Amino acid sequence: MWNFIKNREPNIHMKRLFEPFLSYRHFRTRAVDRQNTSSTGLYGFDHLKSPKGFQRFVDEAIERSSELIDYISGMPSSAEIIRAMDEISDTVCSVVDSAELCRQTHPARGFVEEANKASMKINVYLHFLNTNHTLYNAVKKAEQDGHLLTEEARRAALHLRIDFEKGGIHLPSGKLDRVNQLNMDAHKLCREYGENIINDPGYVDIFPASRIPRQIQHLLKPLYRLTSGVSKESLGSYEDEQEKGFRIITEPRTLFSVLQLTPDEQVRKMAYLKGNSVPHANHEVLDKLINSRHELAQIMGCKSYAEFVMQLNMASSPEVVVSFLLEMSNMVKEKADEEFNTIRNLKRDVCGQRCVDLEPWDEAYYTTMMKSSAYNLDSAVVASYFSLPQCIEGLKLLVKSLFGASFDSVPMASGESWHPDVLKMCIHHPEEGDLGFLYLDLFSRKGKYPGCATFAIKGGRKISETEYQLPVMALVFNFSRSHDSSIVRLNHGELETLFHEFGHALHALLSRTDYQHFAGTRVALDFAETPSNLFEYYARDYRVLKKFARHYSTGEVIPEKLVKSLNGARDMFAATELQRQIFYALVDQTLFGEQLSVPRDTNSIVAHLKRQHSNEKHVEGTHMHIRFSHFLTYGAGYYSYLYAKCFAATIWKKLCQEDPLSPTTGTLLRTKLLQYGGAKEPADLLTDLVGDGIVRYHNGGIVPDVTSCLEEMKLLDDKNRHIGK
């Protein structure tokens, strides 16, 4: 059950049986009632009006869950067991998810501290749930007695039983105790790893300020140092003068901007070396996590942690994944080599023959230069068409055109928001009513989660024949406010990221599953990124962009030529980027794959794989893996992004490309894909959506057909075509 809750995303008789309990009055967020604007707490939970409210929030979740456990212990019908199990998960997830969002985004230290305490307390309770034999035996009964009437209910019983067993409940007590300890250790290590990244992002100080290009200076912290000089007024006397510089905080987003746009190679080098060598503390954290996960897998009878986590994934085994990755690596190598040589030759042309090698801190700078030159791109001109308000209009356009619904801002009750910048949006269908709610937390600020992510608050689920618990989500970004402009403008990459995360949100907001266990993104890991990758295409299609992308001051529609240039530039080094993603996925598989009798240093693993599957040089003393948090959150599952890239390419080509904003397209996406969440097998959903030619069956597992993806990237030649299918 730990995995079930951790991975989250009916009959009248049932409803009557639950009426004597606490029902939903404590856990049903007021967000489902947008007419109610009286005072409430964070995210619409009444308990969260103050930091201390987290204590009662946890306590009542535990009280309600205990009542449901008592109910289940009476062995009601199979359908009632599964429904009650889902309510336990929903109740506990309300606390888990709210605490996590608060920890990552709330500016008030008091709220963050209480959310941390709530998170720790509810996680202790989760371990109790995961080792509760009453619940496990009830789930087994429900699965075995054959009385579950729907496919989703049967699937829920199967997944619940497997999730219990992945927590070790079927093991002897000594082994179970060890599994519990390892799971708790892993949870703490993952949190420590993330906190280290935030607390120690690294920095370099650069003087004078002229070494930093003006267009990125707003991202950096100004510095001043004293220099000594001779006073003009009094010859022989000295006075101190201030020299301005900048501190580069080498968190990923700022680092990438510096590497892209800074002509001074030494500045790029210093930033790259620092950004890829911190936080040092994560060496030990990652080693401990690898060991804990490997020991856990072995106790569970698996050869590796990668094998352990694949049980409900499409791939089904690490062998299938690695075979797929190596196949793609071979397909892309020749083109990636050509691209590397092109970039290196440009550096030699610019710097002279003294520049023999292309260094890792050079690639982003010279590829940006080539793209700008080839397509006459000016980043300021591009951003002028993507003011943030217009980009939000683009999201509204997608919802209206595809699904016939509105996506508008709605008022928040007093106490509901965690920052004045936060917006609350509602998807509303003229016939179906409100479909779900989404908070937008868009701007960077100190102490906030540093990346872009989708956070769950409430999962959708069927409460009765006439009532559905509406999903509530939050999208968190870190867009920068320029000091010299009141209008926030995005670059094209940021627009793609906005549409990507909105794809995740739509998956959650438009799913209509009986159980929150399957709501939205609570799907097989190697399917989860598919809708988000699909919606990136909408950020690149001129037919879509021309409807909302307008110049922030003149109102001019974005020129088609500019969009073609953006897409051309984006595709210029597609093989290099694909090769990089394959490398990351292979590192992930190796770190959490079978372990040698003599453990290998993680640095040597990364260096070895980089030499085999990348043209980028490995620089001694750099350690990209100690701040690549996807290796923790997606442990042995990073390959999912490549699966999604291939699936999305096929869906776009076969379903969306001809008329991307067609209501018919939207209806198919909603009714055959998004509405099911994880309630059906992903391969069945994909095939039902576009027909044959999207998945391949390989050595007992499922891999994507890569044809559409490679054709799109112009990487499919006759040599590769026969293995793309």
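Residues numbered from 1 in each chain as written. Predicted model: local features only at pLDDT ≥ 70, side-chain atom pairs only at ≥ 80, totals over all residues. Heavy atoms only, no water.

Per its UniProt entry, the protein bears the Subcellular location (unreviewed entry) comment "Mitochondrion". What the UniProt record of the protein gives under Sequence similarities (unreviewed entry) is the line "Belongs to the peptidase M3 family." (UniProt positions renumbered as here; feature names shortened; annotations may be inferred.)

So, about the sheet that holds strand E5 (residues 423-429). Hydrogen bonding along the main chain pairs the strands of a sheet, whether they run parallel or antiparallel. Judged by pairing direction, the sheet is mixed, and its 5 strands sit side by side in the order E4-E5-E6-E10-E7 without closing on themselves. Looking at strand neighbours, the two that pair on one side only are strand E4 (406-409) and strand E7 (453-458), the edges of this open sheet. Adjacent strand axes in the sheet meet at a mean angle of 25°, parallel and antiparallel pairs treated alike. For E4 and E5, the ladder comprises 4 bridges, and the chain directions are antiparallel. Following the sheet pairing, Ser409 is matched in E5 by Met425. (Pairing = 2+ DSSP bridges. Helix = DSSP H or I, 4+ residues; strand = E, 2+ residues; numbered from the N terminus. Axes fitted to C-alpha atoms, helices over the stretch in contact; angles between N-to-C directions.)

Turning to unusual backbone geometry, a few remarks are in order. Following Phe207, the chain continues into Pro208 via a peptide bond in cis, with omega recorded as -10°. Of note, Pro208 is situated in the loop between strand E1 (203-206) and strand E2 (221-230). Following Val278, the chain continues into Pro279 via a peptide bond in cis, with omega recorded as -5°. In the Ramachandran plot, Ser316 falls in the positive-phi region, its phi being about 75° despite a non-glycine side chain.

Attention now moves to the pattern of salt bridges. Throughout the structure, instances matching the rule amount to 51 salt bridges. When the shortest N-O distance is used, the salt bridge between Glu165 and Arg161 registers 3.2 Å. You can see Glu165 and its partner Arg161 sitting in helix H7 (residues 151-166), 4 residues apart, about one turn around the helix. With a shortest N-O distance of 3.3 Å, Lys610 and Glu616 are connected by a salt bridge. The buried category is assigned to Lys610, whose relative accessible area is 5%. Among the residues examined, Glu616 registers a relative accessible area of 22% and is labelled partly exposed. (Salt bridge = Lys/Arg side-chain N within 4 Å of Asp/Glu carboxyl O. Buried < 20%, exposed > 50% of the residue type's maximum accessible area, 1.4 Å probe, protein only.)

Attention now goes to the side chain of His500. In this fold, His500 is placed in helix H17 (residues 492-509). In terms of polar contacts, His500 uses its side chain to reach the side chain of Glu529, at 3.2 Å. (Polar contact = N/O pair within 3.5 Å; in protein donor to acceptor, adjacent residues only side chain to side chain.)

Before going further, it helps to examine the nonpolar core. Core analysis: the biggest nonpolar cluster contains 137 residues, and Phe386, Tyr538 and Ile651 have the highest contact counts within it. Aside from chain neighbours lying at most four places away, what touches Phe386 is Cys391, Val488, Arg489, Leu490, His492, Leu495, Leu545, Ala549, Ile558 and Leu566. Counting 59 residues, the second largest nonpolar core, distinct from the first, contains Leu68, Ile82, Phe111 and Leu160. (Core = buried A, V, L, I, M, F, W, Y, C linked by side-chain atoms within 4.5 Å. Contact = heavy atoms within 4.5 Å.)

Here we come to the packing of helix H9 (residues 252-261) against helix H14 (residues 363-375). H14 packs onto H9 with a crossing angle of 60° between their chain directions and a minimal axis gap of 6 Å. Judged on the interaxial angle alone, H14 and H9 are oblique. Along this stretch, H9 crosses H14, giving a crossing that reads as right-handed. Between H9 and H14, the contacting residues are Phe256, Leu259, Gln260 and Leu261 on the first element and Ala364, Tyr365 and Thr368 on the second. When the residues that make up the contact of H9 with H14 are grouped by side-chain class, the tally is 5 nonpolar, 2 polar and no charged. (Parallel < 35°, antiparallel > 145°, perpendicular 65-115°, else oblique. Left-handed = near helix turned anticlockwise from the far one by under 90°. Nonpolar A, V, L, I, M, F, W, Y, C, P; charged D, E, K, R; others polar.)

If you trace the backbone, Arg543 turns up in helix H19 (residues 542-545). Along the chain, Arg543 and Lys141 lie 402 residues apart, while their C-alpha atoms are 53 Å from each other. Non-local contacts of Arg543, meaning those with residues more than four positions away in its chain, are made with Trp652, Gln657, Glu658, Asp659, Pro660 and Leu661. Within the structure, Arg543 has its side chain in polar contact with the side chain of Asp541 (distance 2.7 Å). A polar atom in the side chain of Arg543 sits 3.0 Å from the backbone oxygen of Glu658.

This part is about the packing of aromatic side chains. For any pair of aromatic rings, geometry is given as the distance between the ring centres together with the angle between the planes. Here the structure, examined in full by the defined rule, presents 28 aromatic pairs. A centroid spacing of 5.3 Å and a plane angle of 25° characterise the contact between Phe535 and Tyr538, whose relative ring orientation is stacked. Like Tyr538, Phe535 is buried. Between Tyr639 and Tyr643, the aromatic rings sit 5.0 Å apart at their centres with planes inclined by 80°, giving edge-to-face as the arrangement. (Phe/Tyr/Trp six-rings, centres within 6.5 Å; stacked < 30°, edge-to-face > 60°.)

Bringing the confidence of the model for the protein into the picture now. Residue-level pLDDT values for the protein average 91, and 91% of them are 70 or greater. Across residues 1-32, confidence stays below pLDDT 50; counting only partners more than four residues off in sequence or on other chains, it has 96 contacts. (pLDDT = per-residue confidence, 0-100.)

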